[in-house]
Amino acid sequence: MIQKTGHGDMKLTLEVWRQAAPGAPGKFETYEVDANEHMSFLEMLDVLNQQLVERGEEPVVFEHDCREGICGSCNLTIDGKPHGPRERTTVCQLHMREYRSGDRIRIEPWRANAFPIVKDLMVDRSAFDRIQQAGGYVSVNTGAAPDAHAIPVAKQNADMAFDAAQCIGCGACVAACPNASAMLFTSAKVSQFTLLPQGQPERERRVLAMVETMDEEGFGNCSNHYECEAACPKAISVTNIARMNREYARASLKRR
Amino acid sequence: MTIADSPAGSARLDSKVPSGPMSERWSKHKFDLKLVNPANRRKFDVIVVGTGLAGASAAATLAEMGYKVKAFCTHDSPRRAHSIAAQGGINAAKNYKGDGDSVHRLFYDTVKGGDYRSRESNVHRLAEVSVDIIDQCVAQGVPFAREYGGLLDNRSFGGAQVARTFYARGQTGQQLLLGAYGAMNRMIEAGRIEMHTRREMVDLVKVDGIARGIITRNLSNGEYERHSAHTVLLCTGGYGNVFYLSTNAKNSNVTAAWRAHKRGAFMANPCYTQIHPTCIPRSGDYQSKLTLMSESLRNDGRVWVPATKGDQRPAQDIPEAERDYYLERKYPSFGNLVPRDVASRNAKTVCDDGRGVGPTGEAVYLDFGDAIRRDGRAAIEARYGNLFEMYERITGDNPYEVPMRIYPAVHYTMGGLWVDYNLESTVPGLFVLGEANFSDHGANRLGASALMQGLADGYFVIPATIASHLAGRVLEDVNTEHDAFAEAEANARGRAEALMAVNGTRSVDSMHRELGNIVWNYCGMERTAEGLTEGIAKIRDLRAQFWEDVRVLGDPNTVNQDLEKAGRVADFMEFAEVMFHDGLTRDESCGGHFRAEHQTEEGEAKRDDEHFAHAAAWEFQGEGELPVEHREPLSFEEVKLTTRSYK
Ligand SMILES: Cc1cc2nc3c(=O)[nH]c(=O)nc-3n(C[C@H](O)[C@H](O)[C@H](O)COP(=O)(O)OP(=O)(O)OC[C@H]3O[C@@H](n4cnc5c(N)ncnc54)[C@H](O)[C@@H]3O)c2cc1C
Ligand code: FES
């Protein structure tokens, strides 16, 4: 069995956003919690929830699943920063060794009109799915594909498409943006397909439909703050936004 | 061995395996199946539960074909299914490397890798359609790794001597799932898939013995909902979280499968679980999950421990001559690429021997020093950059400079609901796809084969075999007013209310953790009759305690994550017992099921083909009752039953 190591123990004060239901008034509650520097941030919240259950209080609702930075479920703003202080890191990959005993940490949900709060730290990100439904795919029925080697792709383009395709759909870009814009998210998918031969036939239709849906869902405009790239746990580049803008202009011209 | 001298088969298990030459069976079967006329397809409602690789590929393809699909997942978006976390790659017998790969070789490797406990015909079909999967995914724009010439790159995985694994850096599952998610999105937009997110299937509804619907709980507001259909597809993933600590996503669970089991679907080979050799070791009692380091790392990393017990020196101070590269030493032809069960057991052996490293002594080194010296840091970074970064995030150590420390962890479950060749369970109209079924991997799954199986089932198998049910049976009109729906809904509500009513003192998590410890200690990498028997008693005790002392707080009519967990843990508590019974009954060692009583002199798994060349499928008899075992004999016509050797 694993031994508990005494060293690395820490005491923290947390201010956590509690909100009972969508539209209900919410407020920060303060909690003291005993943690250890080897814990992940979410394990520290597990400890808090364990404490709350023991005291007969309702545990804090927060989203998580893979706990290894790939599913995009976890979404906490920590001391004003989506996913916390460490670059290119989701909350679930953040470890308590980033903090010191005695620290005060403020935890709140993503804040954006297009992401209404469901409960406590959980928000509704279904708008992201609707943007993808508008055109984030190549229309090819199962069974109709040619041999994979019939479509060579230059390594450089394949790598760039992959870089864009790494988006985990967490929404940190929206939470970080002063305008709550979804440009980085949308442009990542548009870029992936713009860079690949498979994406060409639907190139115009895709960008127009996705951008239109993005606007309808109530996301803000991009005014080049680039907070999105800084907050992105996968370091998706803002050059994708520039590429999407070009694609959009090109497609709009062709449509006319 | 032939069917004739296998143990008696159960009449309840008709595998429906076609006859004729192995390589022609799938084509012949497809030809023999009835067809559903395209114009009639829209008259059929298909429920797909789960949107991982299996569910998303099935939902998209069936909708493209014209069926009316309703899909469900517990996540807020279908894209977050556990499949997203798969790292290393997907196998396919493309032979793009010209290293002698073929459908037959992939088939052979998989049957052998599964330690001769899978159904040959299914495995052959899997190998056949593997090539179509890659074509499909490339056409969807999945950005697989490529070489400078623009063609697809491959790597090697354990248990194979050819490079047949396609990959997208260390995020293959993500890219494949996003491909399938895109295909689903296209059908959602077209109005052919009705997508229900944040829904948990809490019961299966049968009418006249046929699966005709499900009951779901809306996880946002606690409402119970009834959904009827002509057929139900379960694509709900594996049960690895019965161990509490595993590499599975935290919300992975056995609930859908277990509740279907209680409605008559047999559970096959639940004791077959895979312990993956390369995971980040535990660091403390608060640990909530374990993180896999992809098997692909064993392409370049070398596994070793100090040659002498109790050597406490830092890795870099231990000279070459005092290191034991035990896999290379014991298995010279496969070396670090032996199958997972073999690699895991060997790691346990050296640690039990007192040669484990790190603060807990439960770890071995995975060392990239030689690879970095040989290929340069940049090359290694291009291959594994994101994995190295993940390791550094979690441990605080830099694997470019010091060797990784790894230890085996629960990763995958080969067992699952029993299905026939059509993927239909023992409940007519209930099909099971992906990790949730037991079908293709026998007693041990080879790396990069789960993604292949999930997508084979969803893109290529079910679209053909679903007609066996829809065109083959007369299906009365059924709607959700039927008594069977009322009964199932009341049943599901009752269970949740009972959980809330216990109002004890212990958190759900603490009890889940305790269950996990029992399962790991008695049904983990090594099992014995004595331990399994003791384990069963402990599980029963714990289950009784759970129903007396669990504490679920809050409002059942809003988001209540504790209530969700409590329902799943209650099911794990029941499921664990069947798993143990299965392990106890299977009085042999095979693949991941290592019964200490049955080993060769060198400590390898020793099968007993005379008595155990069968799949064991368990029939539910009531809560707390012993399940009844049914056996499907396995015959080996193409691959000779021999002792696996990786030397
Ligand atoms: C860390 C990791 C790495 C891996 N790497 C590889 C690899 O490199 N290669 C490989 O071949 N395999 C790999 N595997 C294995 C592989 O990822 C899985 O076996 C496979 O993805 C399972 O897919 P699935 O579609 O069957 O289920 P899942 O992806 O688990 O999906 C289950 C779905 O069911 C839904 N669901 C579950 N219960 C309910 C319910 N009651 N009601 C409604 N919905 C429900 C979930 O929401 C989800 O949508 C890896 C596994 C892990 C853990
Ligand atoms: S929990 Fe999956 S990305 Fe954080």
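Residues numbered from 1 in each chain as written. Chains lettered and ligands numbered in written order. Predicted model: local features only at pLDDT ≥ 70, side-chain atom pairs only at ≥ 80, totals over all residues. Heavy atoms only, no water.

Peer 1: Honestly, the overall build of chain B in this entry has me stumped. Any pointers?
Peer 2: When helices and strands are counted, chain B shows 18 helices and 19 strands. Since a compact globule built from 647 residues should have a radius of gyration of about 26 Å, the 24 Å found for chain B is in line with a globular shape. Dimensions of chain B, computed from C-alpha atoms along their principal axes, come out at roughly 75 × 60 × 50 Å. Sorting the 647 residues of chain B into buried and exposed places 67% on the buried side. Of the contacts made within chain B by residues no fewer than 6 positions apart, 74% connect residues no fewer than 24 positions apart. On chain B, roughly 20,700 Å² of surface is accessible, and the fraction owed to carbon and sulfur atoms is 47%. Positive and negative side-chain charges of chain B, numbering 76 and 88 respectively, have mean locations separated by a distance of 3 Å. (Helix = DSSP H or I, 4+ residues; strand = E, 2+ residues; numbered from the N terminus. Rg over C-alpha atoms; globule rule 2.2 N^0.38 Å. Buried < 20%, exposed > 50% of the residue type's maximum accessible area, 1.4 Å probe, protein only. Contact = heavy atoms within 4.5 Å. Areas by Shrake-Rupley, 256 points an atom, 1.4 Å probe, with all protein chains shown as cover. Lys, Arg positive; Asp, Glu negative; His and termini not counted. Charge placed at Lys NZ, Arg CZ, Asp CG, Glu CD.)

Peer 1: Help me understand the overall build of chain A in this model?
Peer 2: Tallying secondary structure elements over chain A gives 8 helices and 7 strands in all. Expressed as a percentage of its 256 residues, the buried residues of chain A come to 60%. Partitioning the intrachain contacts of chain A with sequence separation of at least 6 by distance along the chain shows that 69% fall at a separation of at least 24. One way to put it: in chain A the 29 positive side-chain charges average out to a point 5 Å from where the 34 negative ones average out.

Peer 1: Hey, could you run me through the pattern of salt bridges in this one?
Peer 2: Residue and element names in this part refer to chain B. Per the stated rule, a full pass over the model turns up 85 salt bridges over all chains. Asp367 is the partner of Arg323 in a salt bridge, and the nearest nitrogen-oxygen pair spans 3.4 Å. You can see Arg323 sitting in strand β13 (residues 323-324) and its partner Asp367 sitting in strand β14 (residues 364-367), a full 44 residues away along the chain. Asp367 sits in the buried class, given a relative accessible area of 14%. Close ionic contact of Arg607 with Asp609 constitutes a salt bridge, the shortest N to O distance being 2.9 Å. (Salt bridge = Lys/Arg side-chain N within 4 Å of Asp/Glu carboxyl O.)

Peer 1: Is there a simple way to explain helix α5 (residues 183-194) of chain A in this structure?
Peer 2: Along an α-helix, a turn takes 3.6 residues, which lines up residues three or four apart on a common side. Residue and element names in this part refer to chain A. Taking 1.5 Å per residue as the helical rise, α5 with its 12 residues ought to reach 16 Å, and the 15 Å between its terminal C-alpha atoms agrees with that figure. With 12 of 12 residues buried, α5 is to be regarded as a mostly interior element. Within the span of α5, buried status applies to Met183, Leu184, Phe185, Thr186, Ser187, Ala188, Lys189, Val190, Ser191, Gln192, Phe193 and Thr194. (Expected span 1.5 Å × (residues − 1).)

Peer 1: Explain the interface of chain A and chain B here, please?
Peer 2: Put simply, an interface is often sized by how much accessible area is lost when its parts join up. Contact with chain A, which involves 81 residues of that partner, is made by 76 residues of chain B. Each partner contributes to the roughly 6,800 Å² buried at the junction of chain A and chain B, and carbon and sulfur atoms together form 50% of this total. Summed over the shared surface of chain A and chain B, the number is 7 salt bridges. Where Glu63 of chain A meets Arg198 of chain B, a salt bridge forms, and the shortest distance between an N and an O atom there is 3.2 Å. Summed over the shared surface of chain A and chain B, the number is 51 residue pairs in polar contact (both at pLDDT 80 or more). Elements with a contribution of two residues or more to the side of chain A that touches chain B: α1 (41-55), β6 (117-119), β7 (122-123), α2 (126-135), α3 (155-165) and α5 of chain A. The dominant element in the side of chain A that touches chain B, judged by the number of residues it contributes, is α1 of chain A, at 7 residues. (Buried area = accessible area lost by both parts, 1.4 Å probe. Polar contact = N/O pair within 3.5 Å; in protein donor to acceptor, adjacent residues only side chain to side chain.)

Peer 1: Explanation requested: the sheet that holds strand β2 (residues 26-36) of chain A in the structure shown.
Peer 2: Sheets are built from strands paired through backbone hydrogen bonds, the pairs being either parallel or antiparallel. All names here are of chain A. Strand order in the open sheet formed by 5 strands is β2-β1-β5-β3-β4, with mixed pairing between adjacent strands. Every other strand in the sheet has two partners, leaving β2 and β4 (81-82) as the edge strands with one partner each. Taken together, the 4 bridges between strand β1 (residues 9-19) and strand β5 (residues 104-108) define a ladder with parallel strand orientation. Bridging across to β5, Val16 finds its partner in Ile107. Sitting on the sheet, α1 touches β1, β2, β3 (77-78) and β5, and the angle it makes with β2 is about 105°. (Pairing = 2+ DSSP bridges. Axes fitted to C-alpha atoms, helices over the stretch in contact; angles between N-to-C directions.)

Peer 1: What exactly am I supposed to notice about the nonpolar core here?
Peer 2: Most often, soluble globular proteins have nonpolar side chains that are buried together. By size, the foremost hydrophobic cluster in this structure holds 257 residues, and its most contacted members are Phe41 of chain A together with Leu233 of chain B. Counting residues per element, this core draws most heavily on helix α17 (residues 561-585) of chain B, which supplies 11 residues. Excluding anything up to four places from it in sequence, Leu233 of chain B contacts Val46, Ile47, Val48, Val49, Ala58, Leu62, Phe431, Leu433, Ile462 and Ile466 of chain B. (Core = buried A, V, L, I, M, F, W, Y, C linked by side-chain atoms within 4.5 Å.)

Peer 1: What's the story with the domain arrangement of chain A in this structure? I'm lost.
Peer 2: Residues and elements named next belong to chain A. Split by domain assignment, chain A resolves into domain 1 (10-118) and domain 2 (126-140 + 150-255). Placing the centre of domain 1 and that of domain 2 at their C-alpha centroids yields a distance of 29 Å. Domain 1 puts 16 residues into the contact, and the matching count from domain 2 is 19 residues. For the pair domain 1 and domain 2, the number of links is 0 salt bridges. Summed over the shared surface of domain 1 and domain 2, the number is 2 residue pairs in polar contact (both at pLDDT 80 or more). Per-class residue counts for the side of domain 1 that touches domain 2 are 8 nonpolar, 6 polar and 2 charged. (Domains from an automatic or database assignment. Nonpolar A, V, L, I, M, F, W, Y, C, P; charged D, E, K, R; others polar.)

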